Amino acid sequence: MSHVDLEALRARVDEINVEILQLINERAGVVQEIGRVKEKQGVNRYDPLRERHMLDHLKENNSGPLPQSTVEHIFKEIFKTALELQVDDQKKALLVSRKKKSEDTVVEINGEKIGTGTPSFVFGPCAVESYTQVAEVAAAIQSKGLKLIRGGAYKPRTSPYDFQGLGLEGLKILKQISQEYGLAVVSEIVTPSHLDEALDYVDVVQVGARNMQNFELLKAVGSINKPVLLKRGIAATLDEFIHAAEYIMSQGNDQIILCERGIRTYERATRNTLDISAVPILKQETHLPVFVDVTHSTGRRDILLPAAKAAIAIGADGVMAEVHPDPAVALSDAAQQMNLQQFDEFYNSLQKFMKTHEVHA
Ligand code: PEP
Ligand code: MN
(Lines give C-alpha, C1' and ligand atoms only; values in the text may rest on other atoms or scores of the structure.)
(Ligands and ions follow the chains in the order given, each with its own letter.)
Protein backbone atom coordinates (compact mmCIF):
# COMPACT_ATOMS: atom_id res chain seq x y z
CA MET A 1 0.00 0.00 0.00
CA SER A 2 1.44 3.36 -0.96
CA HIS A 3 2.04 6.15 1.52
CA VAL A 4 -0.69 8.27 -0.09
CA ASP A 5 -3.30 5.47 0.26
CA LEU A 6 -2.55 5.05 3.92
CA GLU A 7 -2.92 8.79 4.53
CA ALA A 8 -6.27 8.80 2.72
CA LEU A 9 -7.54 5.84 4.72
CA ARG A 10 -6.49 7.46 7.97
CA ALA A 11 -8.25 10.66 6.96
CA ARG A 12 -11.39 8.65 6.25
CA VAL A 13 -11.16 6.97 9.69
CA ASP A 14 -10.86 10.40 11.30
CA GLU A 15 -13.97 11.53 9.45
CA ILE A 16 -15.88 8.43 10.51
CA ASN A 17 -14.78 8.92 14.14
CA VAL A 18 -16.23 12.41 14.13
CA GLU A 19 -19.42 11.19 12.49
CA ILE A 20 -19.81 8.47 15.14
CA LEU A 21 -19.13 11.02 17.87
CA GLN A 22 -21.74 13.40 16.48
CA LEU A 23 -24.27 10.59 16.24
CA ILE A 24 -23.61 9.37 19.80
CA ASN A 25 -24.09 12.91 21.08
CA GLU A 26 -27.22 13.36 19.01
CA ARG A 27 -28.52 10.08 20.40
CA ALA A 28 -27.75 11.25 23.97
CA GLY A 29 -29.74 14.42 23.32
CA VAL A 30 -32.77 12.41 22.16
CA VAL A 31 -32.48 10.10 25.19
CA GLN A 32 -32.43 13.16 27.49
CA GLU A 33 -35.59 14.37 25.78
CA ILE A 34 -37.19 10.97 26.41
CA GLY A 35 -36.10 11.29 30.07
CA ARG A 36 -37.91 14.60 30.39
CA VAL A 37 -41.08 13.17 28.85
CA LYS A 38 -40.89 10.16 31.16
CA GLU A 39 -40.36 12.38 34.17
CA LYS A 40 -43.51 14.32 33.34
CA GLN A 41 -45.41 11.05 33.08
CA GLY A 42 -43.82 9.74 36.26
CA VAL A 43 -42.43 6.71 34.42
CA ASN A 44 -39.19 4.97 35.41
CA ARG A 45 -36.30 6.11 33.21
CA TYR A 46 -34.50 2.81 32.85
CA ASP A 47 -36.49 0.29 30.84
CA PRO A 48 -34.66 -3.06 30.47
CA LEU A 49 -37.27 -4.44 28.03
CA ARG A 50 -36.78 -1.49 25.73
CA GLU A 51 -33.00 -1.99 25.94
CA ARG A 52 -33.32 -5.68 25.02
CA HIS A 53 -35.52 -4.72 22.07
CA MET A 54 -32.93 -2.19 20.81
CA LEU A 55 -30.10 -4.73 21.07
CA ASP A 56 -32.12 -7.37 19.17
CA HIS A 57 -32.96 -4.83 16.51
CA LEU A 58 -29.27 -3.93 16.10
CA LYS A 59 -28.24 -7.57 15.84
CA GLU A 60 -30.88 -8.21 13.18
CA ASN A 61 -29.39 -5.35 11.18
CA ASN A 62 -25.76 -6.31 11.70
CA SER A 63 -24.29 -7.49 8.42
CA GLY A 64 -20.75 -7.71 9.76
CA PRO A 65 -17.84 -7.85 9.90
CA LEU A 66 -18.40 -7.09 13.60
CA PRO A 67 -19.51 -10.17 15.57
CA GLN A 68 -22.85 -9.93 17.39
CA SER A 69 -21.21 -9.99 20.82
CA THR A 70 -19.09 -6.94 19.90
CA VAL A 71 -22.14 -5.07 18.64
CA GLU A 72 -23.93 -5.83 21.89
CA HIS A 73 -20.90 -4.73 23.94
CA ILE A 74 -20.38 -1.43 22.08
CA PHE A 75 -24.04 -0.46 22.13
CA LYS A 76 -24.47 -1.41 25.77
CA GLU A 77 -21.75 1.19 26.53
CA ILE A 78 -23.50 3.77 24.35
CA PHE A 79 -26.80 3.12 26.16
CA LYS A 80 -25.07 3.45 29.51
CA THR A 81 -23.52 6.82 28.66
CA ALA A 82 -26.87 8.30 27.70
CA LEU A 83 -28.50 6.87 30.81
CA GLU A 84 -25.77 8.34 33.02
CA LEU A 85 -26.50 11.75 31.51
CA GLN A 86 -30.09 11.32 32.61
CA VAL A 87 -29.03 10.35 36.12
CA ASP A 88 -26.93 13.52 36.26
CA ASP A 89 -29.96 15.52 35.34
CA GLN A 90 -31.82 13.83 38.15
CA LYS A 91 -29.01 14.64 40.59
CA LYS A 92 -29.09 18.26 39.58
CA ALA A 93 -32.67 18.31 40.61
CA LEU A 94 -32.09 17.26 44.26
CA LEU A 95 -33.68 19.85 46.51
CA VAL A 96 -30.73 19.80 48.93
CA SER A 97 -28.16 20.31 46.19
CA ARG A 98 -26.21 23.45 45.43
CA LYS A 99 -27.30 23.10 41.84
CA LYS A 100 -30.87 23.61 42.99
CA LYS A 101 -30.11 26.48 45.35
CA SER A 102 -26.76 28.24 45.36
CA GLU A 103 -27.13 30.30 48.59
CA ASP A 104 -26.36 28.73 51.96
CA THR A 105 -29.37 27.63 53.96
CA VAL A 106 -29.40 29.35 57.33
CA VAL A 107 -31.21 27.56 60.14
CA GLU A 108 -32.23 29.87 62.95
CA ILE A 109 -32.56 28.36 66.41
CA ASN A 110 -33.09 30.39 69.56
CA GLY A 111 -31.71 33.53 67.92
CA GLU A 112 -28.63 31.69 66.67
CA LYS A 113 -28.12 31.66 62.93
CA ILE A 114 -26.56 28.39 61.85
CA GLY A 115 -24.81 28.29 58.51
CA THR A 116 -23.49 31.85 58.25
CA GLY A 117 -19.81 31.05 58.65
CA THR A 118 -19.58 31.56 62.41
CA PRO A 119 -19.40 28.15 64.09
CA SER A 120 -22.19 27.13 66.45
CA PHE A 121 -21.81 24.72 69.34
CA VAL A 122 -24.05 21.98 70.68
CA PHE A 123 -22.92 20.61 74.03
CA GLY A 124 -24.68 18.44 76.55
CA PRO A 125 -24.73 14.98 78.03
CA CYS A 126 -25.02 11.84 75.96
CA ALA A 127 -28.20 10.91 77.80
CA VAL A 128 -30.55 12.73 80.13
CA GLU A 129 -30.16 10.96 83.46
CA SER A 130 -31.61 13.41 85.98
CA TYR A 131 -32.65 17.01 86.36
CA THR A 132 -29.53 17.97 88.33
CA GLN A 133 -27.21 16.22 85.90
CA VAL A 134 -28.57 18.22 82.94
CA ALA A 135 -28.87 21.44 84.98
CA GLU A 136 -25.17 21.41 85.87
CA VAL A 137 -24.23 21.14 82.21
CA ALA A 138 -26.85 23.74 81.23
CA ALA A 139 -25.37 26.25 83.67
CA ALA A 140 -21.93 25.77 82.14
CA ILE A 141 -23.31 26.20 78.62
CA GLN A 142 -25.28 29.28 79.59
CA SER A 143 -22.26 30.89 81.25
CA LYS A 144 -20.46 30.72 77.91
CA GLY A 145 -23.28 32.59 76.22
CA LEU A 146 -24.22 29.57 74.14
CA LYS A 147 -27.76 28.89 73.00
CA LEU A 148 -28.11 25.15 72.48
CA ILE A 149 -28.07 22.04 74.62
CA ARG A 150 -28.19 18.39 73.64
CA GLY A 151 -29.27 15.33 75.57
CA GLY A 152 -30.78 12.00 74.63
CA ALA A 153 -34.08 10.91 76.11
CA TYR A 154 -34.39 7.96 73.72
CA LYS A 155 -31.05 6.22 73.39
CA PRO A 156 -30.43 3.78 70.55
CA ARG A 157 -28.09 1.31 72.26
CA THR A 158 -26.28 -1.69 70.86
CA SER A 159 -27.59 -3.94 73.63
CA PRO A 160 -31.26 -4.00 74.68
CA TYR A 161 -30.03 -4.47 78.27
CA ASP A 162 -28.17 -1.14 78.29
CA PHE A 163 -29.76 2.10 79.53
CA GLN A 164 -32.37 3.06 76.95
CA GLY A 165 -32.98 6.61 78.14
CA LEU A 166 -35.69 8.15 80.32
CA GLY A 167 -38.08 8.61 77.40
CA LEU A 168 -40.84 11.15 77.94
CA GLU A 169 -39.58 11.90 81.45
CA GLY A 170 -36.24 12.87 79.88
CA LEU A 171 -37.95 15.18 77.42
CA LYS A 172 -39.78 16.87 80.30
CA ILE A 173 -36.49 17.47 82.09
CA LEU A 174 -35.03 18.99 78.91
CA LYS A 175 -38.04 21.28 78.52
CA GLN A 176 -37.75 22.53 82.07
CA ILE A 177 -34.01 23.15 81.61
CA SER A 178 -34.71 24.92 78.35
CA GLN A 179 -37.07 27.34 80.08
CA GLU A 180 -34.85 27.91 83.08
CA TYR A 181 -31.60 28.42 81.18
CA GLY A 182 -32.87 29.88 77.92
CA LEU A 183 -31.35 27.07 75.86
CA ALA A 184 -32.84 25.39 72.80
CA VAL A 185 -33.00 21.60 73.08
CA VAL A 186 -31.56 19.16 70.56
CA SER A 187 -32.74 15.62 71.23
CA GLU A 188 -32.97 12.39 69.30
CA ILE A 189 -36.28 10.87 68.28
CA VAL A 190 -36.13 7.26 67.14
CA THR A 191 -39.60 6.56 65.82
CA PRO A 192 -42.35 8.50 64.07
CA SER A 193 -44.75 7.39 66.81
CA HIS A 194 -42.90 9.54 69.41
CA LEU A 195 -42.66 12.57 67.18
CA ASP A 196 -45.94 14.38 67.80
CA GLU A 197 -45.56 14.23 71.54
CA ALA A 198 -41.86 15.16 71.40
CA LEU A 199 -42.51 18.37 69.48
CA ASP A 200 -43.88 19.95 72.66
CA TYR A 201 -40.50 19.46 74.32
CA VAL A 202 -37.71 19.73 71.76
CA ASP A 203 -36.56 22.57 69.51
CA VAL A 204 -34.40 20.50 67.16
CA VAL A 205 -35.17 16.89 66.33
CA GLN A 206 -32.06 14.77 66.01
CA VAL A 207 -32.14 11.78 63.69
CA GLY A 208 -29.36 9.48 64.86
CA ALA A 209 -26.76 7.63 62.83
CA ARG A 210 -28.60 4.32 63.21
CA ASN A 211 -31.74 5.88 61.80
CA MET A 212 -30.24 7.77 58.87
CA GLN A 213 -31.99 5.41 56.51
CA ASN A 214 -35.16 4.96 58.54
CA PHE A 215 -37.13 6.36 55.65
CA GLU A 216 -40.45 6.55 57.49
CA LEU A 217 -38.80 8.59 60.25
CA LEU A 218 -37.14 10.82 57.64
CA LYS A 219 -40.49 11.43 55.96
CA ALA A 220 -42.11 12.13 59.32
CA VAL A 221 -39.52 14.74 60.35
CA GLY A 222 -39.82 16.16 56.86
CA SER A 223 -43.39 17.19 57.66
CA ILE A 224 -42.69 19.05 60.89
CA ASN A 225 -42.05 22.72 61.35
CA LYS A 226 -38.87 22.41 63.42
CA PRO A 227 -35.21 22.03 62.45
CA VAL A 228 -33.78 18.54 62.05
CA LEU A 229 -30.19 17.56 62.86
CA LEU A 230 -29.45 14.59 60.65
CA LYS A 231 -26.46 12.43 61.54
CA ARG A 232 -24.51 10.46 58.99
CA GLY A 233 -25.09 6.71 59.14
CA ILE A 234 -22.34 4.51 60.53
CA ALA A 235 -21.62 3.04 57.10
CA ALA A 236 -23.28 5.61 54.88
CA THR A 237 -21.66 7.06 51.79
CA LEU A 238 -22.00 10.80 51.29
CA ASP A 239 -24.40 10.12 48.46
CA GLU A 240 -26.64 8.12 50.81
CA PHE A 241 -26.34 10.86 53.44
CA ILE A 242 -27.37 13.51 50.92
CA HIS A 243 -30.31 11.41 49.79
CA ALA A 244 -31.42 10.92 53.40
CA ALA A 245 -31.52 14.73 53.72
CA GLU A 246 -33.47 14.81 50.47
CA TYR A 247 -36.11 12.55 52.05
CA ILE A 248 -36.64 15.21 54.69
CA MET A 249 -36.65 18.15 52.33
CA SER A 250 -38.89 16.41 49.83
CA GLN A 251 -41.65 16.57 52.46
CA GLY A 252 -41.32 20.33 52.76
CA ASN A 253 -38.97 20.81 55.72
CA ASP A 254 -35.89 22.72 54.59
CA GLN A 255 -34.47 23.36 58.06
CA ILE A 256 -31.84 20.62 58.04
CA ILE A 257 -28.39 20.48 59.62
CA LEU A 258 -26.10 17.67 58.46
CA CYS A 259 -23.79 16.15 61.05
CA GLU A 260 -20.66 14.14 60.28
CA ARG A 261 -20.11 11.77 63.22
CA GLY A 262 -17.53 9.34 61.91
CA ILE A 263 -17.90 6.19 59.91
CA ARG A 264 -16.90 2.64 60.64
CA THR A 265 -13.56 1.58 59.21
CA TYR A 266 -10.98 -1.03 60.12
CA GLU A 267 -9.20 1.47 62.40
CA ARG A 268 -9.65 0.68 66.08
CA ALA A 269 -7.63 3.54 67.59
CA THR A 270 -10.76 5.69 67.44
CA ARG A 271 -14.37 4.64 67.98
CA ASN A 272 -15.16 5.63 64.39
CA THR A 273 -13.11 7.35 61.72
CA LEU A 274 -13.87 11.05 61.47
CA ASP A 275 -14.31 11.69 57.77
CA ILE A 276 -13.18 15.30 57.85
CA SER A 277 -13.25 15.62 54.07
CA ALA A 278 -17.00 15.02 54.24
CA VAL A 279 -17.40 18.61 55.49
CA PRO A 280 -16.17 20.52 52.40
CA ILE A 281 -17.76 17.94 50.11
CA LEU A 282 -21.16 18.31 51.79
CA LYS A 283 -20.77 22.09 51.78
CA GLN A 284 -19.99 21.95 48.07
CA GLU A 285 -22.69 19.47 47.11
CA THR A 286 -25.48 20.83 49.31
CA HIS A 287 -26.60 24.21 50.61
CA LEU A 288 -27.13 22.90 54.14
CA PRO A 289 -25.14 23.70 57.30
CA VAL A 290 -22.70 20.95 58.31
CA PHE A 291 -21.73 20.06 61.88
CA VAL A 292 -19.05 17.73 63.18
CA ASP A 293 -19.70 15.55 66.23
CA VAL A 294 -16.24 15.11 67.73
CA THR A 295 -17.41 12.84 70.54
CA HIS A 296 -18.95 9.94 68.63
CA SER A 297 -16.47 10.15 65.78
CA THR A 298 -13.30 9.95 67.89
CA GLY A 299 -14.68 8.35 71.05
CA ARG A 300 -11.59 9.79 72.73
CA ARG A 301 -11.50 12.70 75.12
CA ASP A 302 -7.81 13.29 74.47
CA ILE A 303 -8.31 14.27 70.83
CA LEU A 304 -11.61 16.16 71.02
CA LEU A 305 -9.83 19.51 70.79
CA PRO A 306 -7.67 18.87 67.69
CA ALA A 307 -10.66 17.20 66.00
CA ALA A 308 -12.83 20.26 66.73
CA LYS A 309 -10.09 22.59 65.45
CA ALA A 310 -9.88 20.55 62.28
CA ALA A 311 -13.66 20.76 61.88
CA ILE A 312 -13.64 24.53 62.21
CA ALA A 313 -10.58 24.95 60.01
CA ILE A 314 -12.14 22.90 57.24
CA GLY A 315 -15.34 24.95 57.27
CA ALA A 316 -17.83 23.21 59.57
CA ASP A 317 -20.79 25.33 60.65
CA GLY A 318 -20.78 23.82 64.09
CA VAL A 319 -19.30 21.34 66.51
CA MET A 320 -21.11 18.90 68.76
CA ALA A 321 -19.54 17.35 71.83
CA GLU A 322 -20.76 15.56 74.94
CA VAL A 323 -20.38 17.01 78.42
CA HIS A 324 -21.31 15.29 81.69
CA PRO A 325 -20.83 16.53 85.28
CA ASP A 326 -19.28 13.18 86.22
CA PRO A 327 -18.49 11.12 83.11
CA ALA A 328 -17.13 8.19 85.11
CA VAL A 329 -20.63 7.35 86.31
CA ALA A 330 -22.48 8.27 83.08
CA LEU A 331 -25.07 5.71 82.01
CA SER A 332 -23.83 5.87 78.41
CA ASP A 333 -20.60 6.89 76.67
CA ALA A 334 -18.70 7.23 79.95
CA ALA A 335 -15.32 6.97 78.23
CA GLN A 336 -15.65 9.96 75.98
CA GLN A 337 -17.68 12.70 77.64
CA MET A 338 -15.89 15.76 79.02
CA ASN A 339 -16.36 16.84 82.61
CA LEU A 340 -17.13 20.49 83.33
CA GLN A 341 -13.52 21.52 83.77
CA GLN A 342 -12.44 19.75 80.60
CA PHE A 343 -15.36 21.44 78.88
CA ASP A 344 -14.10 24.87 80.00
CA GLU A 345 -10.61 24.14 78.76
CA PHE A 346 -11.89 22.70 75.49
CA TYR A 347 -14.11 25.69 74.83
CA ASN A 348 -11.52 28.31 75.81
CA SER A 349 -8.89 26.69 73.60
CA LEU A 350 -11.30 26.59 70.70
CA GLN A 351 -12.18 30.25 71.19
CA LYS A 352 -8.49 31.12 71.19
CA PHE A 353 -7.98 29.06 68.05
CA MET A 354 -10.87 30.81 66.33
CA LYS A 355 -9.56 34.24 67.27
CA THR A 356 -6.05 33.47 66.06
CA HIS A 357 -7.40 32.20 62.78
CA GLU A 358 -10.02 34.93 62.49
CA VAL A 359 -12.87 32.47 62.10
CA HIS A 360 -15.28 35.06 63.52
CA ALA A 361 -14.89 37.25 60.45
C1 PEP B 1 -26.02 10.90 69.96
O2 PEP B 1 -25.64 11.95 69.42
O3 PEP B 1 -26.57 10.87 71.05
C4 PEP B 1 -25.81 9.63 69.25
C5 PEP B 1 -26.36 8.49 69.67
O6 PEP B 1 -25.02 9.74 68.18
P7 PEP B 1 -25.00 8.87 66.83
O8 PEP B 1 -26.42 8.70 66.38
O9 PEP B 1 -24.18 9.69 65.91
O10 PEP B 1 -24.34 7.56 67.21
MN1 MN C 1 -23.25 9.50 73.21
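- Going by what an unreviewed UniProt entry lists, the chain is known as 3-deoxy-7-phosphoheptulonate synthase and is assigned to Psychrobacillus vulpis.

## Details of the overall build of the chain
Phase 1: A tally of helices and strands in the chain yields twelve helices and ten strands.
Phase 2: Taking 2.2 N^0.38 as the reference for a compact globule, 361 residues should give roughly 21 Å; the C-alpha atoms of the chain span a radius of gyration of 27 Å, well beyond that estimate.
Phase 3: Classification of the 361 residues of the chain by burial places 44% in the buried group.
Phase 4: Sequence separation of 24 or more characterises 68% of the internal contacts of the chain that already satisfy a separation of 6 or more.
Phase 5: Looking at the chain as shown, the accessible area adds up to about 18,300 Å², and 53% of this sits on carbon and sulfur atoms.
Phase 6: Treating the 41 positive side-chain charges of the chain as one cloud and the 49 negative ones as another, the clouds have centres 1 Å apart.

## Remarks on the pairing of strand β7 (residues 228-231)
Phase 1: Side-chain alternation along β7 places V228 and L230 on one buried face and L229 and K231 on a second face that is also buried.
Phase 2: Summarising the sheet, strand β6 (residues 204-207) and β7 pair through three bridges and their orientation is parallel. Bridge assignment links V207 to a residue of β7, and that residue is L230.
Phase 3: Since β6 and β7 lie parallel, the crossover through helix α7 (residues 215-222) that links them has a hand, and here it is right-handed.
Phase 4: Here four bridges tie β7 to strand β8 (residues 256-260), and the two strands are oriented parallel to one another. Within the sheet, the bridge partner assigned to K231 lies in β8 and is C259.

## Some words on the site of ligand 1
Phase 1: All residues adjacent to ligand 1 are R150, K155, E188, Q206, G208, A209, R210, K231, R261 and H296.
Phase 2: Here an oxygen atom of ligand 1 and a side-chain polar atom of Q206 are 2.9 Å apart.
Phase 3: Within the contact set of ligand 1, an oxygen atom lies 2.7 Å away from a side-chain nitrogen or oxygen of K231.
Phase 4: Computed on the free molecule, ligand 1 has an accessible area of 300 Å², of which 96% lies beneath the protein chains in the complex.
Phase 5: For the shell around ligand 1, the class distribution of residues is one nonpolar, three polar and six charged.

## A short note on the coordination of the manganese ion (ligand 2)
Phase 1: Coordination of the manganese ion (ligand 2) by the protein comes from C126 (SG), H296 (NE2), E322 (OE) and D333 (OD), over a distance range of 1.9 to 2.3 Å.
Phase 2: Along the chain, the residues donating to the manganese ion (ligand 2) are arranged with the sequence spacing C-x169-H-x25-E-x10-D. In this pair, C126 is assigned in the loop between β3 (120-124) and α4 (131-143) and D333 in the loop between β10 (318-322) and α12 (340-356), connecting sequence segments 207 residues apart. D333 carries the same exposure label as C126, and that label is buried.

## Details of helix α9 (residues 278-285)
Phase 1: Residues A278, V279, L282 and K283 constitute the buried set of α9. The arc enclosing the buried residues of α9, seen along the axis, measures out at 130°, which places them on a common side.

## Considerations on the packing of aromatic side chains
Phase 1: Applying the stated criterion across every chain, the model contains seven aromatic pairs.
Phase 2: Judged by centre distance (6.1 Å) and plane angle (90°), the rings of F123 and Y347 are edge-to-face. Highlighted residues: F123 in strand β3 and Y347 in helix α12, separated in sequence by 224 residues.
Phase 3: Judged by its relative accessible area of 0%, F123 is buried.
Phase 4: Of the residues examined, Y347 reaches a relative accessible area of 8% and is grouped as buried.
Phase 5: Three or more aromatic residues joined by ring pairs form one cluster here, namely F121, F123, F343, F346 and Y347.
Phase 6: Across the ring face of F343, the terminal group of K144 is positioned such that the distance to the ring centre comes to 4.4 Å.

Parameters at a glance
Within any chain, residue numbers begin from 1 and follow the written order of that chain's sequence. Whichever chain is written first becomes A and whichever ligand is written first becomes 1, with later ones labelled in order. Local features are withheld for residues below a pLDDT of 70 in this predicted model, meaning they are given only at 70 or higher, and side-chain atom pairs are given and counted only at 80 or more; totals for whole chains, interfaces and linings count all residues. The side-chain numbers reported here are obtained from all heavy atoms of the structure, hydrogens and water having been left aside. Segments assigned H or I by DSSP are reported as helices when at least four residues long, segments assigned E as strands when at least two residues long, and all are numbered from the N terminus. Here the radius of gyration uses the C-alpha set of atoms, whereas the globule reference equals 2.2 Å times the residue count to the power 0.38. Note on classification: 1.4 Å probe, protein chains only; a residue is buried when its accessible area is under 20% of the maximum for its type, exposed when over 50%, partly exposed between these limits. Residue contacts follow a heavy-atom distance rule, with two residues in contact if any of their heavy atoms lie within 4.5 Å. Surface accessibility in these figures is a Shrake-Rupley result with a 1.4 Å probe; residues are shielded only by whichever protein chains are displayed. Working convention for charge: Lys and Arg count positive, Asp and Glu count negative, and His plus the chain ends are omitted. Lysine's charge is taken at NZ, arginine's at CZ, aspartate's at CG and glutamate's at CD. Pairs of strands are assigned from DSSP output, requiring at least two bridges between the strands. With strands facing away from the observer, any crossover in which the path from the first strand over the helix to the second runs clockwise is taken as right-handed. One heavy atom within 4 Å of a molecule or strand is enough for the residue carrying it to be called near that molecule or strand. Think of a polar contact as two N or O atoms within 3.5 Å of one another; within protein, one of them needs to be a possible hydrogen donor and the other a possible acceptor, and neighboring residues in sequence only count if both atoms come from side chains. Under the convention adopted here, Pro, Cys and the residues Ala, Val, Leu, Ile, Met, Phe, Trp and Tyr are nonpolar, Asp, Glu, Lys and Arg are charged, and Gly plus all remaining residues are polar. The donor definition counts N, O and S atoms within 2.8 Å of each metal and applies 3.2 Å to Na, K and Ca; water is not among these atoms, so some sites may look incomplete. The arc in question is the one traced by the directions running from the helix axis out to the C-beta atoms. A pair of Phe, Tyr and Trp rings is counted when the ring centres sit within 6.5 Å of each other, with Trp represented by its six-membered ring. The angle between the planes then sorts it: under 30 degrees is stacked, over 60 is edge-to-face, the rest tilted. Comment: the charge-over-ring label is applied if NZ (Lys) or CZ (Arg) is within 6 Å of the ring centre and within 35 degrees of the ring normal.

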